[in-house]
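Coordinate analysis (summary)
Residues per chain, in single letters:
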Amino acid sequence: YQRRVREAVVSTQSTGESDIVVTSKVGKLRCLLAAEVDGRDKTGNLVEIKTHRTMFNDHHRRIFEQNKLLNTYIQCYLVGINHTFFGFRDQKGYVTHTTSYSLPDIEERCAKQWNKDTIMCFLSKILQWALDQIETGKVYHLYYSGDDSIRLKQVENVNYLPGWFIEFANKCYENRD
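A short tour of the structure in this document, coming up. Nothing here was measured: the structure is a model prediction, and the numbers come from that model. Sequence positions are assigned chain by chain, starting from 1 and proceeding in written order. pLDDT decides what is reported in this predicted model: residues at 70 or higher carry local features, side-chain atom pairs at 80 or more are listed and counted, and totals for whole chains, interfaces and linings draw on all residues regardless. Excluded from the side-chain calculation are hydrogens and water; included are all heavy atoms of the structure.

So, the packing of aromatic side chains
Stacked, edge-to-face and tilted are the three classes for Phe, Tyr and Trp ring pairs, Trp counted by its six-membered ring, which pair at centre distances within 6.5 Å; planes under 30 degrees apart are stacked, over 60 edge-to-face, the rest tilted. As enumerated under the stated definition, the model contains 7 aromatic pairs in all. An angle of 45° between the planes, with centres 6.4 Å apart, marks the rings of Phe-64 and Tyr-101 as tilted. With Phe-64 in helix 1 (residues 58-79) and Tyr-101 in strand 7 (residues 95-102), this pair connects stretches of sequence that are 37 residues apart. Neither Phe-64 nor Tyr-101 differs from the other in exposure class; each is buried. The structure contains a cluster of three or more aromatic residues connected by ring pairs, namely Phe-64, Phe-86, Phe-88 and Tyr-101. Only DSSP runs of H or I reaching four residues or more are called helices, and only runs of E reaching two or more are called strands; each is numbered from the N terminus. Categorising residues by exposure relies on relative accessible area from a 1.4 Å probe, with only protein chains included: less than 20% of the type maximum marks a residue as buried, more than 50% marks it as exposed, and the intermediate range marks it as partly exposed.

Some points on the packing of helix 1 against helix 3 (residues 116-133)
The relative placement of two packed helices comes down to the angle between their axes together with the axis-to-axis distance. Working convention: axes come from line fits to C-alpha atoms, limited for helices to the stretch in contact. Angles between N-to-C directions cover 0 to 180 degrees. Closest axis-to-axis distance for the helix 1/helix 3 pair is 12 Å, and the angle between their directions is 70°. By the angle between their axes, helix 1 is roughly perpendicular relative to helix 3. The hand of the helix 1/helix 3 crossing is right-handed. Here Leu-70, Tyr-73, Ile-74, Tyr-77 and Leu-78 of helix 1 come into contact with helix 3, specifically with Lys-116, Ile-119, Met-120 and Leu-123. We call Asp, Glu, Lys and Arg charged. Ala, Val, Leu, Ile, Met, Phe, Trp, Tyr, Cys and Pro are nonpolar, and the rest, Gly among them, are polar. When the residues that make up the contact of helix 1 with helix 3 are grouped by side-chain class, the tally is 8 nonpolar, no polar and 1 charged. Should an angle fall under 35 degrees it is taken as roughly parallel, and over 145 as roughly antiparallel, whereas 65 to 115 is taken as roughly perpendicular and any remaining angle as oblique. Throughout, a crossing is termed right-handed when the near helix is turned clockwise from the far one, and left-handed when it is turned anticlockwise from it by less than a right angle. In what follows, residue pairs with any heavy atoms lying within 4.5 Å of each other are defined as contacts.

What to know about the environment of Met-55
Assignment of secondary structure puts Met-55 in the loop between strand 5 (46-53) and helix 1. For Met-55, a relative accessible area of 17% corresponds to the buried category. Measuring from C-alpha to C-alpha, the distance between Met-55 and Arg-89 comes to 9.2 Å, with 34 residues separating the pair along the chain. In this structure Met-55 touches His-60, Arg-61, Phe-64, Phe-88 and Arg-109, once residues within four positions along its chain are discounted.

Thoughts on helix 4 (residues 163-174)
Here, expected helix span is obtained from the residue count minus one, scaled by 1.5 Å. Taking 1.5 Å as the rise per residue, helix 4 with 12 residues should run 16 Å; its terminal C-alpha atoms sit 17 Å apart, in good agreement. Of all the residues in helix 4, the buried ones are Phe-165, Phe-168, Ala-169 and Cys-172. An end-on view of helix 4 places all buried positions within 100° of arc, on one side of the element. Turned more than 90 degrees from where helix 4 packs its buried face, Gly-163, Glu-167 and Glu-174 sit exposed. Summarising the geometry, the arc corresponds to the directions from the helix axis toward the C-beta atoms.

Notes on the pattern of salt bridges
Put simply, a salt bridge is a Lys or Arg side-chain nitrogen that is within 4 Å of an Asp or Glu carboxyl oxygen. All chains considered together, the criterion is met by 3 salt bridges. A salt bridge links Asp-58 to Arg-61, with the shortest nitrogen-to-oxygen separation between them at 3.3 Å. Taken together, the residues span about one helical turn, with Asp-58 and Arg-61 both in helix 1 at a distance of 3 residues. The class of Arg-61 is partly exposed, set by a relative accessible area of 31%.

Overview of the nonpolar core
Here, nonpolar core refers to any group of buried Ala, Val, Leu, Ile, Met, Phe, Trp, Tyr and Cys residues whose side-chain atoms link them within 4.5 Å. Core analysis: the biggest nonpolar cluster contains 28 residues, and Phe-64, Leu-69, Tyr-101, Ile-106 and Trp-114 have the highest contact counts within it. Counting residues per element, this core draws most heavily on helix 1, which supplies 8 residues. Each residue touching Trp-114, except ones within four places of it in the same chain, is listed here: Glu-65, Leu-69, Leu-70, Tyr-73, Ile-106 and Ile-119.

Put into structure tokens, the structure is as follows:
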């Protein structure tokens, strides 16, 4: 799986948050994705910032790699963010040290826990399943239910999409391959 992020629009909200909208390929599917962006590094590249508790043993490190780094990797990979910064906090919640990871760093560190291609193949199959279930023009919420199943629920009265997002989505739809 090769990452192809084609377009990006960043909108700074009055709250200081930035959002990014991209078109990205997942398997054979072209997806329109939106994400909140935490910041930029000194060269202007988008970055994701996370916190995690300080790890004291191999079990903590394994859980960090299996869960936190996997979730961060997927989130960043899909929208074209190549760097993450982690603040590690003590038991009182104070950040005691920081570490930065590039996506290749995460792939290498987690090679024994998971494989990028396997994860992207799984995601592609989930998205294809969801696409086969939905009706055009309706909005759905795709979620993991906690009982080892993935669910799709139609959302009524959707009015939370900002105008700039809808305009961008329509433009992408009109210019699709």
